[in-house]
Amino acid sequence: MKFKATLIGFSAILMWSLLALFTAASGKVPPFQLSATCFLIGSLPGIIVLMWKPERFALLKQPAKVWITGIVGLFGYHFLYFTALRNAPAVEAGLIAYLWPLLIVVGSALLPGERLRWYHVAGALAGLSGTILIVARNGIAFDDAYTLGYGAAFLCAFTWSGYSLITRRFGAVSTDVVTGFCLATSLLSFLCHLGLETTVWPQTLLEWLAVAGLGLLPVGAAFYAWDYGVKNGDIQLLGVASYAAPVLSTLILILFGFAEPSWRIAAACLLVTGGAVLAAKDMILRKGTTAAQLAE
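Below is a short write-up of the structure.

What counts and what doesn't
Residues numbered from 1 in each chain as written. Predicted model: local features only at pLDDT ≥ 70, side-chain atom pairs only at ≥ 80, totals over all residues. Heavy atoms only, no water. Helix = DSSP H or I, 4+ residues; strand = E, 2+ residues; numbered from the N terminus. Contact = heavy atoms within 4.5 Å. 1 Å grid on protein atoms, 1.4 Å probe; cavity = no way out; pocket = protein on both sides within 12 Å on 5 of 7 lines; lining within 4 Å. Points joined across faces, edges and corners; volume = space filled by probe spheres on them. Nonpolar A, V, L, I, M, F, W, Y, C, P; charged D, E, K, R; others polar. Buried < 20%, exposed > 50% of the residue type's maximum accessible area, 1.4 Å probe, protein only. Salt bridge = Lys/Arg side-chain N within 4 Å of Asp/Glu carboxyl O. Expected span 1.5 Å × (residues − 1). Bend = angle between axes of the 7 residues up to and from the residue. Phe/Tyr/Trp six-rings, centres within 6.5 Å; stacked < 30°, edge-to-face > 60°.

**Details of the environment of S186**
Here is step 1 of the chain: Along the chain, S186 turns up in helix α9 (residues 177-196).
Here is step 2 of the chain: Separated by 138 residues in the primary sequence, S186 and I48 have C-alpha atoms spaced 17 Å apart.
Here is step 3 of the chain: Those residues in contact with S186, other than ones at most four positions away along the chain, are A36, F39 and L40.

**Some points on empty space enclosed by the protein**
Here is step 1 of the chain: Counted according to the given criterion, the structure contains two cavities of 30 Å³ or more.
Here is step 2 of the chain: By volume, the largest cavity amounts to about 60 Å³.
Here is step 3 of the chain: For the largest cavity, the full set of lining residues is V66, T69, G70, Y163, T167, F170, V173, V177, F181, D227 and K231.
Here is step 4 of the chain: Contributing elements (two or more residues each) for the lining of the largest cavity: α4 (64-87), α8 (147-169), α9 and α10 (205-232).
Here is step 5 of the chain: Here the lining of the largest cavity gets three residues from one element, more than from any other, and that element is α4.
Here is step 6 of the chain: One number sums up the size of the second largest cavity: a volume of about 30 Å³.
Here is step 7 of the chain: What lines the second largest cavity is simply V29, Q33, L34, T37, W201, P202, W208 and V211.
Here is step 8 of the chain: Put simply, the parts of the chain that give the lining of the second largest cavity at least two residues each are α3 (31-52) and α10.
Here is step 9 of the chain: It is α3 that contributes the most residues to the lining of the second largest cavity, three residues altogether.
Here is step 10 of the chain: Of the residues assigned to the lining of the second largest cavity, the class counts are six nonpolar, two polar and no charged.

**Describing the layout of surface pockets**
Here is step 1 of the chain: Of the volumes computed, that of the largest pocket is approximately 1,600 Å³.
Here is step 2 of the chain: Forming the boundary of the largest pocket are 49 residues, of which L19, A20, T23, Y81 and S249 lie nearest the centre.
Here is step 3 of the chain: For the lining of the largest pocket, the secondary structure elements donating two or more residues are α2 (19-25), α3, α4, α5 (90-97), α7 (118-135), α10, α12 (244-255) and α13 (263-279).
Here is step 4 of the chain: In terms of residue count, α4 provides more of the lining of the largest pocket than any other element does, six residues in total.

**Some thoughts on α5**
Here is step 1 of the chain: A large share of α5 lies buried, amounting to six of its eight residues.
Here is step 2 of the chain: Every buried residue of α5 is listed here: E92, A93, G94, L95, I96 and A97.
Here is step 3 of the chain: For α5, the secondary structure elements touched by its buried residues are α4, α6 (100-107), α7 and α8.

**A few points about the environment of I41**
Here is step 1 of the chain: Turning to its location among the elements, I41 is positioned in helix α3.
Here is step 2 of the chain: Taking relative accessible area as the criterion, I41 reaches 17% and is therefore assigned buried.
Here is step 3 of the chain: In contact with I41, not counting residues within four places along its chain, are V211, A212, G215 and L216.

**Quick word on the pattern of salt bridges**
Here is step 1 of the chain: All told, the structure shown has four salt bridges when counted by the stated rule.
Here is step 2 of the chain: In this structure, R56 engages D176 in a salt bridge whose closest nitrogen and oxygen atoms are separated by 2.6 Å. Taken together, the residues span a long stretch of sequence, with R56 in the loop between α3 and α4 and D176 in the loop between α8 and α9 at a distance of 120 residues.
Here is step 3 of the chain: Taking relative accessible area as the criterion, R56 reaches 27% and is therefore assigned partly exposed.
Here is step 4 of the chain: The salt bridge partner of D227 is K231, with a shortest N-O separation of 3.0 Å. Residue D227 and its partner K231 are both found in helix α10; the two are separated by four residues, about one turn of the helix.

**Some words on α10**
Here is step 1 of the chain: The terminal C-alpha atoms of α10 lie 39 Å apart, and with 28 residues this matches the ideal 40 Å at 1.5 Å per residue to within 8%.
Here is step 2 of the chain: At L214, α10 shows its maximal kink, close to 40°; a proline, P218, follows between one and four residues later.

**Describing the packing of aromatic side chains**
Here is step 1 of the chain: According to the stated counting rule, one finds 21 aromatic pairs in the structure shown.
Here is step 2 of the chain: Measuring from centroid to centroid gives 5.5 Å for Y77 and W160, while their planes differ by 55°, and the two rings are tilted. Note that Y77 is positioned in helix α4 and W160 in helix α8, a separation of 83 residues in sequence.
Here is step 3 of the chain: Taking the relative accessible area as the measure of exposure, Y77 reaches 15% and is therefore buried.

Below is the structure:
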């Protein structure tokens, strides 16, 4: 059960690795407009399931703390991320925001039944090092002039890690509620769009398909998979494995001609893979022991 849930959680990371490709292909749609559109699309599978099985509507009746956590997690993360990118260079803001996997690993020590081991932290640090190689290929230069953006990026990291850790405590809450989180995030993003942006629609069929792809996968199904994974899987391993997203994203961009291969990417792959294997040591040994016992 735990292994299967961890794999489902990892599928969210695989889908997030498509984020850069689909975003690059979506044209010049402003961030909050794109967020509003994609989260609306992302809510559709959940709505279809609820319409098909009306009895599941009862699962949406949850305490206020569940709804607050979900909406703050999804909308708060994206609001802070866009704010960071508007007020600081993308490289530095992205690196700060991507501290969230490390925060999940360290913060998991506060969860009931979880024990933080040295290899969890070491694996997360290896993954962070791989991310730095990928994202900061042209160097890093923090500047006091971008304090607001850096602050928003830090809050971004704490928001998503906090959401993931708190969600773990809501293990009995059905993943159906993610549909509501997506709808609320879409509405709030739309309001931000009206107040902060000028509407720009996709211009070609390819751009529309990219927006649909974003809504169905990295800004849709991924959040349902992540919710199930962090509730029922190995949250420490998922935290470390999350550093695979920027590496896989870069590999996909190379495959589609948006980036060039380099030694940095190869080194990042080794660091992220090695970190994930190290963090998964217990699970790997446990599987090996079970297989040996079955063989006997």
